[in-house]
Amino acid sequence: MDTIWLATFAEVARTGSFTAAAEKLRFTQSAISRQISALEGELGARLFDRLPRGVRLTEDGRSLLGHAEAVLERLGVAKYDLAALHSAAAGSMRIGSFSSSNAVLVPRALAMFRDTHPGVRTIHREGMTSQLLARLTAGELDLAVISLAADDRPDGLSLHKIITDHLWIALPDGHRLARRKRLQLDDLNGETWIAGQPRAEDTLARTAQQPPEIGIVVQEWIAKLGFVAAGLGVTLVPSISVAAVPPGVTVVPLHRNEITPRRIFAATVKHTTMPASVQAFLQCLTACATELT
């Protein structure tokens, strides 16, 4: 059944005239008559009595009118909701990101997004890149902020480059190297290294020619910086987290040829329609990454 027929039927019922309905809907009178006849044929019921002046609803027509108005109202609401989704004014967005991106980059992007799209409900999950990719391909996330090594290229995903994440060295304030413009790993010989894993091969230092020996193992990056601030050692800090370094810690860039930088991407599933809200958040991520660099 064509919903245009229902709209025409409702308008004829309201005006009591094919002519008046034609003027309102910008159809010819004959087009209105054909639509009503087609609807009556579809339903097997006479909906109007044709009178010398105008038309009048039959009992069948009166029964149909309430249903037609309900259908048209629901269609109107659906069109409104779809328009809100297309303009990122409503709906929900499910995103995931890894821990160090949640220090500065992702929160700033979310705050920017919320300011411009307050009607969109955001659901956020944190995880390692491998976990986020699994959730993304399972349909549990709309977008994932992930980090990839130079040779990584996950199948079935669209990757949107956000930033190249170079590394810095976090030192206690007043450290002998704190005033350097840039550091090499050799400059840090004899220092106690703090990392989230006991083997350097499992940390950000895995691509160094001579990975440092880990002396203190703590999982959370804020805990690592707490150890640094207490003067207990040094640690690597991603460039996307530098702006969140607490008092008591000085950061110095590491020479870029020392450790291969990570690539930060926003990942979505290939061959799926990207909602307007996700497109808008992707723009916020890119803008915030530009500010960080």
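Colleague: Help me get a handle on the sheet that holds strand β3 (residues 92-97), residues and values and all.
Modeller: Spatially, β4-β3-β5-β12-β6 is the arrangement adopted by the 5 strands of the open sheet, whose pairing is mixed. Every interior strand has two partners, whereas the edge strands, β4 (121-126) and β6 (157-165), have only one. Here the average twist between neighbouring strands, direction ignored, is 25 degrees. Docked against the sheet, helix α6 (residues 129-137) engages β3, β4, β5 (143-148), β6 and β12 (262-269), running at close to 145 degrees with respect to β5. Across the sheet, helix α8 (residues 276-292) touches β3, β5, β6 and β12, and the angle it forms with β6 is around 20 degrees.

Colleague: So what's going on with the pattern of salt bridges? Residues and values would help.
Modeller: Counting across every chain of the model gives 8 salt bridges. The partner of Arg14 in a salt bridge is Glu11, with the nearest N and O atoms 2.5 Å apart. Of the two residues, Arg14 and Glu11 are both situated in helix α1 (residues 3-15); the distance of 3 residues between them amounts to about one turn of the helix. On the accessibility criterion, Glu11 (10% relative accessible area) is buried. A salt bridge links Arg180 to Asp187; the shortest N-O distance between them is 3.4 Å.

Colleague: Go over unusual backbone geometry, please, and point to the residues and values.
Modeller: Although it is not a glycine, Arg26 adopts a positive phi angle of roughly 60 degrees. Within the fold, Arg26 resides in the loop between α2 (18-25) and α3 (29-43). Taking relative accessible area as the criterion, Arg26 reaches 78% and is therefore assigned exposed. The residue His271 is not glycine, and still its phi comes out positive at about 65 degrees. Turning to its location among the elements, His271 is positioned in the loop between β12 and α8. The exposed category is assigned to His271, whose relative accessible area is 82%.

Colleague: An account of the packing of aromatic side chains is needed here, citing residue identities and associated values.
Modeller: Throughout the structure, instances matching the rule amount to 3 aromatic pairs. Taking 5.4 Å as the distance between ring centres and 55 degrees as the angle between the ring planes, the aromatic pair formed by Phe9 and Phe48 counts as tilted. Separated by 39 residues along the polypeptide, Phe9 in helix α1 and Phe48 in strand β1 (residues 48-50) bring together distant segments of the chain. Under the relative-accessibility criterion, Phe9 is labelled buried at 0%. Measuring from ring centre to ring centre gives 6.4 Å for Phe18 and Phe48, while their planes differ by 90 degrees; the resulting arrangement is edge-to-face. Linking Phe18 in helix α2 with Phe48 in strand β1, this pair joins segments that are 30 residues apart in sequence. Both residues of the pair, Phe18 and Phe48, belong to the buried class. The rings of Phe9, Phe18 and Phe48 are connected pair by pair, giving a single aromatic cluster.

Colleague: Lay out the nonpolar core in plain terms, naming residues and giving numbers.
Modeller: If you look at the biggest cluster of nonpolar residues, it comprises 34 residues, and the most contacted ones within it are Leu143, Ile146, Ile162, Phe281 and Leu285. Counting residues per element, the ones that place at least two in this core are β3, α5 (105-116), α6, β5, β6, β12 and α8. Of the residues forming this core, the biggest block, 8 residues, is contributed by α8. In this structure Leu143 touches Arg94, Ile95, Gly96, Leu136, Ala266, Ala267, Thr268, Val278, Phe281, Leu282 and Leu285, once residues within four positions along its chain are discounted.

Colleague: Help me get a handle on α3, residues and values and all.
Modeller: Compared with the 21 Å implied by 1.5 Å per residue over 15 residues, the 21 Å span of α3 between its first and last C-alpha is a close match. For α3, the set of buried residues is Ala31, Ile32, Gln35, Ile36, Leu39 and Glu40. Of the residues one or two after α3, Gly44 is the one with positive phi, at around 65 degrees.

Colleague: Now, about the packing of α1 against α2: what can you tell me, with residues and values included?
Modeller: For the pair α1 and α2, interaxial distance at closest approach is 8 Å and the crossing angle is 125 degrees. As far as their axial angle goes, α2 and α1 are oblique. As α1 runs across α2, the sense of the crossing is right-handed. Packed against α1, whose contacting residues are Ala7, Thr8, Glu11, Val12, Arg14 and Thr15, the element α2 presents Phe18, Ala20, Ala21, Lys24 and Leu25 at the interface. Here the residues of the contact of α1 with α2 are counted per class, giving 6 nonpolar, 2 polar and 3 charged.

Criteria and cut-off values
Residues numbered from 1 in each chain as written. Predicted model: local features only at pLDDT ≥ 70, side-chain atom pairs only at ≥ 80, totals over all residues. Heavy atoms only, no water. Pairing = 2+ DSSP bridges. Helix = DSSP H or I, 4+ residues; strand = E, 2+ residues; numbered from the N terminus. Axes fitted to C-alpha atoms, helices over the stretch in contact; angles between N-to-C directions. Contact = heavy atoms within 4.5 Å. Salt bridge = Lys/Arg side-chain N within 4 Å of Asp/Glu carboxyl O. Buried < 20%, exposed > 50% of the residue type's maximum accessible area, 1.4 Å probe, protein only. Phe/Tyr/Trp six-rings, centres within 6.5 Å; stacked < 30°, edge-to-face > 60°. Core = buried A, V, L, I, M, F, W, Y, C linked by side-chain atoms within 4.5 Å. Expected span 1.5 Å × (residues − 1). Parallel < 35°, antiparallel > 145°, perpendicular 65-115°, else oblique. Left-handed = near helix turned anticlockwise from the far one by under 90°. Nonpolar A, V, L, I, M, F, W, Y, C, P; charged D, E, K, R; others polar.

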